[in-house]
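# Observations on chain architecture
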Amino acid sequence: KELYIFLKQDIKFVEETFDRIEKTCGSSARVLMYSLYVLGMTQAAAAEENGISRRQLQYSLNKWIRAVFDD
């Protein structure tokens, strides 16, 4: 039962984080971050799938992470 409660709280945190990402940076940021951090895609694969370079993806990730998590 305690494991279930922990998992439920963790899922809620993840959902809230992705909602915050989308609200702050847009749906593309949410999709790309989900692909990387939940699905475990490589940056190269996620960039190729979205028609951008890996360098552009890395730049965007840095910008989005600062926008969402820097207070």
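As a reminder, the structure under discussion sits directly above these lines.
Here goes a summary of the coordinates provided. (Residues numbered from 1 in each chain as written. Predicted model: local features only at pLDDT ≥ 70, side-chain atom pairs only at ≥ 80, totals over all residues. Heavy atoms only, no water.)

### Structural notes on the side chain of Ser35
Mapped onto the fold, Ser35 is located in helix H2 (residues 27-37). For Ser35, a relative accessible area of 5% translates into the label buried. Discounting chain neighbours no more than four positions away, the residues touching Ser35 are Gly40 and Met41. (Helix = DSSP H or I, 4+ residues; strand = E, 2+ residues; numbered from the N terminus. Buried < 20%, exposed > 50% of the residue type's maximum accessible area, 1.4 Å probe, protein only. Contact = heavy atoms within 4.5 Å.)

### Points about the packing of aromatic side chains
All told, the structure shown has 1 aromatic pair when counted by the stated rule. Between the aromatic rings of Phe18 and Tyr34, the centroid separation amounts to 5.8 Å while the plane-to-plane angle is 65 degrees, which identifies the pairing as edge-to-face. Note that Phe18 is positioned in helix H1 (residues 2-25) and Tyr34 in helix H2, a separation of 16 residues in sequence. On the basis of relative accessible area, Tyr34 is assigned to the partly exposed category, the value being 39%. (Phe/Tyr/Trp six-rings, centres within 6.5 Å; stacked < 30°, edge-to-face > 60°.)

### Let's talk about the environment of Ile65
Among the secondary structure elements, Ile65 is positioned in helix H4 (residues 54-69). For the pair Ile65 and Ser53, spaced 12 residues apart in sequence, the C-alpha separation works out to 18 Å.

### Considering the environment of Leu32
Within the secondary structure, Leu32 is located in helix H2. For the pair formed by Leu32 and Ile11, sequence separation is 21 residues and the distance between their alpha carbons is 18 Å. In this structure Leu32 touches Ala46, Asn50, Leu57 and Trp64, once residues within four positions along its chain are discounted.

Any functional reading would require information beyond the geometric quantities listed.
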